[in-house]
Amino acid sequence: MAFVTFLIPCFVIGTDIAFSCQNTDDFVGASSPGDIVIGGLFAVHSEMLRPEEYPIKPVIQNCAGFEIQIFLQTLAMIHAIETINNSTLLSGVTLGYEIYDTCAEVTKAMASALRFLSKFNSSEDVVEFRCNYSDYIPRIKAVVGASYSEVSMAVSRLLALQLIPQVSPASSAEILSDKIRFPSFFRTIPSDFHQTRAMAHLICESGWNWIGVIATDDDNGRFALESFGVQAMANNVCIAFKEMLPAYLSDNTFHTKVDRAIEKIVKETRVNVIVVFMRQFHVLKLFKKAIERNVNKIWIASDNWAAAVKISTIPNIRQLGTIVGFGFKSGDISTFQDFLRKLHEKPTDNNKFLHEYIMLLSVCAHLEYHDFQMCIANQSQDDLLQNVENNHQIWRDDFLNANIEPGFIRNTILAVYAIAHAIKGQCKDRNCKDPSAFTPWELLEELKKVTVIDDGKEIKFDPNGDMSASYDVLLWKEIDGHVEITTMAEYDPEKGDFIFEDEEKKKEFLDLKKVQSTCSQHCRPGQMKKVTESPHTCCYECVHCPENHYSNQTDMDYCYRCNNKTYWAPINSTTCYRKTIHFLAWSDWFAIFLLLLSAFGVVLILSISVIFTKNLNTPVVKASGGLTVCYIILFSHFLIFLSTVFFIDEPTEFKCKTRQALFGISFALCISCILIKSLKILLAFSFDPKLQNFLKCVYKPVPTVVTCTGIQVIICTFWLIFRTPFVKQNFSIPRAIILECNEGSIVAFGIMLGYIAALAFICFIFAFKGRKLPENYNEAKFITFGMLIYFIAWIVFIPVYATTFGKYLPAVEIIVVLISNYGILCCTFLPKCYIIIYKQETNTKSAFLQMIHTYSSKSAGSVAVSQISLDSKSSSSRATVSDACKSEKNSVNGNCHFQVPGQRLIKGKVLPKNTARTMARKRLSSI
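Basis of the calculations
Residues numbered from 1 in each chain as written. Predicted model: local features only at pLDDT ≥ 70, side-chain atom pairs only at ≥ 80, totals over all residues. Heavy atoms only, no water. Helix = DSSP H or I, 4+ residues; strand = E, 2+ residues; numbered from the N terminus. Buried < 20%, exposed > 50% of the residue type's maximum accessible area, 1.4 Å probe, protein only. Contact = heavy atoms within 4.5 Å. Areas by Shrake-Rupley, 256 points an atom, 1.4 Å probe, with all protein chains shown as cover. pLDDT = per-residue confidence, 0-100. Expected span 1.5 Å × (residues − 1). Pairing = 2+ DSSP bridges. Axes fitted to C-alpha atoms, helices over the stretch in contact; angles between N-to-C directions. Patch = residues over 30% accessible without salt bridge, like charges linked within 9 Å, V, L, I, M, F, W, Y side chains within 5 Å. Salt bridge = Lys/Arg side-chain N within 4 Å of Asp/Glu carboxyl O. Lys, Arg positive; Asp, Glu negative; His and termini not counted. Charge placed at Lys NZ, Arg CZ, Asp CG, Glu CD. Parallel < 35°, antiparallel > 145°, perpendicular 65-115°, else oblique. Left-handed = near helix turned anticlockwise from the far one by under 90°. Disulfide = S-S within 2.5 Å. Phe/Tyr/Trp six-rings, centres within 6.5 Å; stacked < 30°, edge-to-face > 60°. Lys NZ or Arg CZ within 6 Å of the ring centre and 35° of its normal. Core = buried A, V, L, I, M, F, W, Y, C linked by side-chain atoms within 4.5 Å. 1 Å grid on protein atoms, 1.4 Å probe; cavity = no way out; pocket = protein on both sides within 12 Å on 5 of 7 lines; lining within 4 Å. Points joined across faces, edges and corners; volume = space filled by probe spheres on them.

Right, let's talk about the overall build of the chain for a bit. Along the chain, the regular secondary structure elements total 28 helices and 31 strands. Split into buried and exposed, the 927 residues of the chain put 52% on the buried side. A separation threshold of at least 6 residues defines the contact pool for the chain, and within that pool the share at least 24 residues apart is 70%. Total accessible area computed for the chain in this model is approximately 43,000 Å², and 58% of it derives from carbon and sulfur atoms.

This is the structure in structure tokens:
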């Protein structure tokens, strides 16, 4: 198979000692031989120097900005490899390493990665091009690194060509979990998804929703910002502004953009929380400017700088406000600290990083702690080469220990041990002293199954190549005049909870809420958010919940609606109130008044019954139809009064069905009996033969009463069967539920009342015809008046009932029932009671005979006179009554007689006494 080789030369410009890369071996930062070599990529320097000459040539430049924290990570890798070699983990197989400095620059990292891909034992670092790398043996078996996600993305794509495993202790970009694009990438930390979710959770828990974000304008910063934006939106947190700073300090616009970011922070006075996704050297520049402008905020640090000692030791750092960060979970690193104490004994021949650090110690030895640190960070490799003759062996143990970031150290050691365990799995049945015993892609498959014991816990890579680990929530606080980085809580990514060691830590967490960082004031319970013209949902106005709506929490987007049928709420309410149930209760004063009226009616009925019973044989009682008829009428009145009870108190199905039926049937019975009485009176005192014949045919007391009442019974029965009344809840009043009886069918209700009205009207007609009875027996006149009261009451009832609502609606019907019942009762019985009690002299048989005799005489005389008038009009001459009498030949006993058509002869003058008396007896017997 044909192949093309790529040579990786080290570019050199002349013989100037300022350029350290004279050959390929000069490119390596630290190395050690071994049976199996592991590569390392760390950004020991923060930037690569830019060439000042023109045109620019493809030369790898020197770097500046020595990073103590990442230098310590290279030492952690070396320490882990030495510890494994001195243990029985790989039993006879030694690990070697080649560690390169990426200078936080993708270009330089790619150059290192190309060397990793070069063929094993190739003197010229040749990278072969093949279609199949299954049996290709590269220079190294695995890579630890890189320090930054942007670099890891580029390197991982290159290493994926040969599926060389890459395990990073620091690259947290969420995109690196994509195994399609980065199939050989692993990391000993969680992805940014968990970190950004933890940040959003912290912000939400603290009651903040209006924040700013500053990020580095590189892949890591952009992906972190994107992930945080999603998490913030899910937690109802709005980003007021986003500022992106150049990824490289050598960028000419860097300081301008830092100034612009500070101006934005100062201008946005409502933003008191700033989330920072940046590298440590970027944060240093930003914070120095912020201190100059007296900016005081809450700063939320990403895992990149949350535990950065060199930032926490900036002079006046406490003036910036509160710094809360998320750092990787730390473990026991005591063996590494022991390693650092003996570091000065280590040779520096194969460790240029250590050699450079010793040179920096010499150059900056005269300075105090922070200035000493800044001196180390600001020295370039070119400067050190010029001052090489001033090398003094000065060692400071405390400086390295003070700058340890435990999380990164633990993760670096864990990455080495994960690779070592994978190598152990591959070396079970192979001679791993032979570098070609296994290929990187085989190691990759083994790495996916590796389980590592860390602090007694088994941890392994998930299908995305990530290790699930918790975060330490770090709080920077002043202790004895110095800012210390303390652990405030632990964040569990799986549960999404903050775990506190004690109440003091929890109080520190809760104290964060004292700082307000909101676009708008919090809406109190009883209010809701109304979105303004701002594009952000966190900027709103607080408006009161409308009627029948409520909110019971702060900052609610909308008010909940009460169940209008059973609950109500006033404006600006925090809860719904149960509607009060209204009905005409026994305790209501109006109900009591109506019940007293009904009770009085019952007493009146009983009194009338007693009076009539005691005077059973008197003409008045007999003339009223006898005791049986009176009792039936009085009993029907009693039932009508009783029916009013069913209109009061809480409606039930039984009450709704009973009250109208009881009232309707009782009233029909009462009117039927009174109708019979009206017919009887009219029959007794009528002198019209045709009317008498009609009345005699109609006057059937028992069948008439049974028929009239039975029709009402049938109406009510059909009503109760087909459209029965039922209990109904009336919600027409906003704050109350009115329990009332729905009549089921208004038509049936109307038919029942209409039928009673028809009976009453017939009764009224008959009673009206008999209104001119004897003065002492004028019952028809009172029946007529009683029926008029009934009509007036029920005519008024219809519009009042139709326009009334509420709990007093039943009272309207009760009033009408009482008025009509009292009217008929009083008009029917009270005149008789008055005669029985106060005019006893007229309540005798002789008095009644005399009264009827007088009435009959008058009635007969008026009939005779009426007939004479009719006859005189028909005759041709106006003769006197006596002349007319003389002209008649049919006079009897010297008396003149008039013939009434269809009747017997009636005497024209004065009837003899015996004839009048006979007529009186007949009238009395009829009554």
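Per-residue pLDDT for the chain averages 82, and the proportion of residues at 70 or more is 84%. No element of the chain has a lower mean pLDDT than strand S1 (residues 5-6), which averages 34, and none a higher one than strand S9 (residues 166-168), which averages 97. Throughout residues 1-20 the model reports pLDDT below 50, and contacts reaching past four residues in sequence, or to other chains, amount to 44 contacts. Between residues 863-927, whose pLDDT stays under 50, and residues either more than four places distant or in other chains, the model counts 60 contacts.

Before going further, it helps to examine the environment of Ala365. In this structure, Ala365 sits in the loop between helix H10 (352-363) and helix H11 (369-378). Taking relative accessible area as the criterion, Ala365 reaches 27% and is therefore assigned partly exposed. In this structure the C-alpha to C-alpha distance between Ala365 and Arg396, which are 31 residues apart in sequence, comes to 9.1 Å.

Taking 1.5 Å of rise per residue, the 18 residues of helix H19 (residues 626-643) would be expected to cover 26 Å, and the 26 Å separating its terminal C-alpha atoms lies within 8% of that figure. Looking at H19, one finds that the buried residues are Gly626, Leu627, Cys630, Ile633, Leu634, Ser636, His637, Leu639, Ile640, Phe641 and Ser643.

On to helix H2 (residues 106-117). The end-to-end C-alpha distance of H2 is 16 Å, a good match for the 16 Å that 12 residues give at a rise of 1.5 Å each. Of all the positions in H2, only Lys108, Ala109, Ala111, Ser112, Ala113, Arg115, Phe116 and Leu117 are classed as buried.

Moving on: the sheet that holds S9. Taking strand neighbours across the sheet as the criterion, the six strands line up as S2-S6-S3-S8-S9-S10 in an open arrangement whose pairing is mixed. Two strands close off the open sheet at either side, each with one partner strand: strand S2 (30-32) and strand S10 (185-187). If you compare each strand with its neighbour and ignore which way they point, the axes differ by 20 degrees on average. Across three bridges, S2 lies against strand S6 (residues 95-101) in antiparallel orientation. Pairing of Ala30 across the sheet is with Ile99, part of S6.

A contiguous patch of negative charge on the surface is contributed by Glu501, Asp502, Glu503 and Glu504. Inspection of the secondary structure assignment puts Glu504 in helix H16 (residues 503-511).

In this section: the sheet that holds strand S29 (residues 736-742). Remark on secondary structure: sheet strands pair via backbone hydrogen bonds, oriented parallel or antiparallel. Strands sit in the order S27-S29-S28 across an open sheet of three strands; the sheet is mixed. Two strands lie at the open edges of the sheet, namely strand S27 (580-582) and strand S28 (726-730), each paired on one side alone. The mean inter-strand angle of the sheet, taken between neighbouring strand axes irrespective of direction, is 30 degrees. Looking at chain direction, S27 and S29 are connected through three bridges and run parallel. Within S29, the position partnered with His582 by the bridge is Ile738.

Next up on the list: a nonpolar patch on the surface. Taken together, the side chains of Phe785, Leu788, Ile792, Val796 and Val800 define a hydrophobic patch exposed on the protein surface, amounting to about 430 Å² of accessible area. If you trace the backbone, Phe785 turns up in helix H24 (residues 779-803).

Attention now goes to the pattern of salt bridges. For the structure on display, the rule yields 30 salt bridges. Among the ionic pairs, Asp178 bridges to Arg181, the shortest N-O distance being 2.9 Å. For Arg181, a relative accessible area of 39% puts it in the partly exposed group. A salt bridge links Glu490 to Lys329; the shortest N-O distance between them is 3.2 Å. Remark: Lys329 occurs in the loop between strand S15 (321-328) and helix H9 (334-341) and Glu490 occurs in strand S19 (residues 482-492); sequence separation between them is 161 residues. With a relative accessible area of 24%, Glu490 lands in the partly exposed category. If you follow the salt bridges from partner to partner, you end up with Lys119, Glu128, Arg130 and Asp135 in one network.

Turning to the packing of helix H6 (residues 254-267) against helix H7 (residues 280-292), a few remarks are in order. Packing of H6 against H7 leaves a shortest axis separation of 10 Å and a crossing angle of 50 degrees. Considering the angle they form, H6 stands oblique to H7. The handedness of the crossing between H6 and H7 is right-handed. When H6 is examined against H7, the residues Phe254, Val258, Asp259 and Ile262 are found in contact with a partner set consisting of His282, Lys285, Leu286, Lys289 and Ala290.

According to the stated counting rule, one finds nine disulfides in the structure shown. Here Cys238 engages in a disulfide with Cys538; their sulfurs sit 2.0 Å apart. Taking the torsion about the S-S bond as the criterion, the Cys238 to Cys538 disulfide, at about 85 degrees, is right-handed. Here Cys538 lies in the loop between strand S21 (527-531) and strand S22 (540-544) and Cys238 lies in strand S12 (residues 238-246), a separation of 300 residues in the sequence. With respect to class, Cys238 is no different from Cys538; both count as buried. For Cys545, the disulfide goes to Cys559, at an S-S distance of 1.9 Å. Every disulfide takes its handedness from the sign of the S-S torsion; for Cys545 and Cys559 that torsion is -80 degrees, giving left-handed.

Another aspect to go through is the packing of aromatic side chains. The final tally for this structure, using the stated rule, is 40 aromatic pairs. When the ring of Tyr550 is compared with that of Tyr560, the centres are 5.6 Å apart and the planes differ by 50 degrees; the resulting orientation is tilted. A residue pair is termed long-range when its members are at least 10 positions apart, and Tyr550 in strand S23 (residues 549-550) and Tyr560 in strand S24 (residues 560-561) qualify at 10 residues. Since its relative accessible area comes to 32%, Tyr560 is described here as partly exposed. Ring pairs connect the aromatic residues Phe663, Phe667, Phe761, Phe764, Tyr790, Phe791, Trp794 and Phe797, which therefore count as one cluster. In this structure, Lys141 is placed above the aromatic ring of Phe438, and the distance from its NZ or CZ to the ring centre is 4.8 Å. We note Lys179 situated over the ring of Phe186; from NZ or CZ to the ring centre the distance is 5.7 Å.

Below, the discussion takes up the environment of Gly212. Here Gly212 shows up in strand S11 (residues 210-217). Each C-alpha atom, one on Gly212 and one on Glu268, is 8.9 Å from the other, the two residues being 56 residues apart in sequence. Those residues in contact with Gly212 that sit more than four places away from it in its chain are Phe241, Val271, Val273, Ile274 and Val275.

Right, let's get into the nonpolar core. Of all hydrophobic cores here, the largest spans 129 residues; its most connected members are Phe287, Trp299, Trp305 and Phe336. With 11 residues, helix H1 (residues 68-85) is the largest single contributor of residues to this core. When neighbours within four sequence positions are excluded, Trp305 is seen to be in contact with Val276, Met278, Gln280, Val283, Phe287, Ile300, Ile311, Ile323 and Trp476. Formed by 69 residues, the second largest nonpolar core is a distinct cluster that contains Leu594, Ala760, Ala811 and Leu818.

In this section: empty space enclosed by the protein. Tallied over the entire structure, the rule returns seven cavities of 30 Å³ or more. If you add up the space inside the largest cavity, you get close to 140 Å³. Every residue along the wall of the largest cavity is listed here: Glu67, Gln69, Ile70, Gln73, Ser147, Tyr148, Ala170, Gln280, Asp303, Asn304, Glu405 and Phe408. Per element, the largest residue contribution to the lining of the largest cavity is three residues, and it comes from H1. Here the second largest cavity defines a volume of roughly 100 Å³.

Right, let's get into unusual backbone geometry. For the peptide bond that leads from Gly145 to Ala146, omega is 5 degrees, which places it in the cis range. Within the secondary structure, Ala146 sits in the loop between strand S8 (142-145) and helix H3 (149-159). Although it is not a glycine, Cys103 sits at a positive phi angle of roughly 55 degrees. Tracing the backbone through its elements, the reader meets Cys103 in the loop between S6 and H2.

Glancing now at the packing of helix H4 (residues 192-205) against helix H5 (residues 219-234). Relative to each other, H4 and H5 sit at 45 degrees, their axes nearing to 9 Å. As judged from the angle between their axes, H4 and H5 are oblique. Along this stretch, H4 crosses H5, giving a crossing that reads as right-handed. Between H4 and H5, the contacting residues are Asp192, Phe193, Thr196, Arg197, Met199, Ala200 and Ile203 on the first element and Asn220, Ala224, Ser227, Phe228, Gln231 and Ala232 on the second.

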